[in-house]
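Chain and residue survey
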Amino acid sequence: MRVVGEGVEPGVYPIEKALQIAREVGVDLVEIAPTAEPPVCRVIDYKKFLYELKKKQKEIKAKTAKVIVKEIRFGPQTDDHDFNFKKNHAVKFLQEGAKVRAFVLFRGRSIVFKEQGELLLLRFANELEEYGKAEQLPLLEGKKMIMLIAPKKK
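The following paragraphs examine the structure supplied in this document. Bear in mind that the values here come from a model prediction, so they are computed numbers and not experimental data.

Bringing the pattern of salt bridges into the picture now. Under the criterion given, the structure shown has 5 salt bridges. Among the ionic pairs, arginine 123 bridges to aspartate 80, the shortest N-O distance being 3.3 Å. Here aspartate 80 lies in helix α3 (residues 80-96) and arginine 123 lies in helix α4 (residues 114-127), a separation of 43 residues in the sequence. Note on arginine 123: relative accessible area 32%, which makes it partly exposed. A salt bridge links glutamate 127 to lysine 87, with the shortest nitrogen-to-oxygen separation between them at 3.1 Å. With a gap of 40 residues between them, glutamate 127 in helix α4 and lysine 87 in helix α3 connect regions that are remote in the sequence. What makes lysine 87 buried here is its relative accessible area of 18%. Residues participating in the shared-partner salt-bridge network are Asp80, Lys87, Arg123 and Glu127.

So, about the environment of isoleucine 111. As for its placement among the helices and strands, isoleucine 111 is situated in the loop between β6 (99-105) and α4. Judged by relative accessible area, which is 30%, isoleucine 111 ranks as partly exposed. Along the chain, isoleucine 111 and lysine 143 lie 32 residues apart, while their C-alpha atoms are 7.1 Å from each other.

The 4 strands lie next to each other as β2-β1-β4-β3, forming an open sheet whose pairing is mixed. Pairing within the sheet leaves two strands with one partner each, and these edge strands are β2 (11-12) and β3 (28-33). Sheet analysis places strand β1 (residues 2-5) next to strand β4 (residues 40-44), joined by 4 bridges and oriented parallel. Each bridged residue has a counterpart across the sheet, and for valine 3 the counterpart in β4 is cysteine 41.

A word on the pairing of β6. Here 6 bridges tie strand β5 (residues 69-74) to β6, and the two strands are oriented parallel to one another. Bridged to lysine 70 within β6 is valine 100. Considered for its hand, the β-α-β crossover made up of β5, α3 and β6 is right-handed. In this sheet, strand β8 (residues 144-151) lies alongside β6 in antiparallel orientation, the contact comprising 6 bridges. Along β8, the bridge assignment pairs alanine 102 with methionine 147.

Bringing the nonpolar core into the picture now. In terms of nonpolar packing, the biggest core is built from 19 residues, with Phe74, Val100 and Phe124 touching the most fellow members. Where this core is concerned, the elements lending two or more residues are β5, α3, β6, α4 and β8. Counting residues per element, this core draws most heavily on α3, at 5 residues. When residues no more than four places from it in sequence are discounted, the contact partners of valine 100 are Lys70, Ile72, Ala90, Phe93, Leu94, Phe124, Met147, Leu148 and Ile149.

Basis of the calculations
Within any chain, residue numbers begin from 1 and follow the written order of that chain's sequence. Where local features are concerned, this predicted model is filtered to residues with pLDDT of at least 70; where side-chain atom pairs are given and counted, the filter is 80 or more; whole-chain, interface and lining totals use all residues. The side-chain figures draw on all heavy atoms in the structure; neither hydrogens nor water molecules are used. Every case where a carboxyl oxygen of Asp or Glu lies within 4 Å of a side-chain nitrogen of Lys or Arg is listed as a salt bridge. Runs of E in the DSSP output that reach at least two residues are strands. Runs of H or I that reach at least four are helices, and both are numbered from the N terminus. Residue exposure (1.4 Å probe, protein chains only): buried if accessible area is under 20% of the type maximum, exposed if over 50%, otherwise partly exposed. At least two bridges found by DSSP between two strands is the condition for calling them paired. If the strands point away from the viewer and the path from the first strand over the helix to the second runs clockwise, then the crossover is right-handed. Among buried residues, those of type Ala, Val, Leu, Ile, Met, Phe, Trp, Tyr and Cys that are joined through side-chain atoms within 4.5 Å constitute a nonpolar core. Any pair of residues with heavy atoms lying within 4.5 Å of one another is described as a contacting pair.

This is the structure:
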């Protein structure tokens, strides 16, 4: 078996000799490549190796960005004043870096006005074009017509 590691002369040794080398250094013998010919083992402190691996994974997880999704709800007959009020909120959310999920909720017989809801969402996306990009066009899911807008990269 091939033995590598810090403070060890790299070479090919029998298993007993490799274990003896690891004991002399005071660390563990860990098999790295069992399918290689001959198998490769490394002389390392296994607990320390696991600790450092866990620490690296934690750092990677901390660096990933958390995506925040804010919701804005409309009705099929939303008035201009309400539309502008909600648009201003969406602008603020997009500037903060959050995604905006705008949806039109149809109640009762208002499902008849699907076209009105779609036009409202398309107008909403058009007015927010300088702050964000439509990630998903209006899509009807049950009684909701949903649209997703992502902030533009700085």
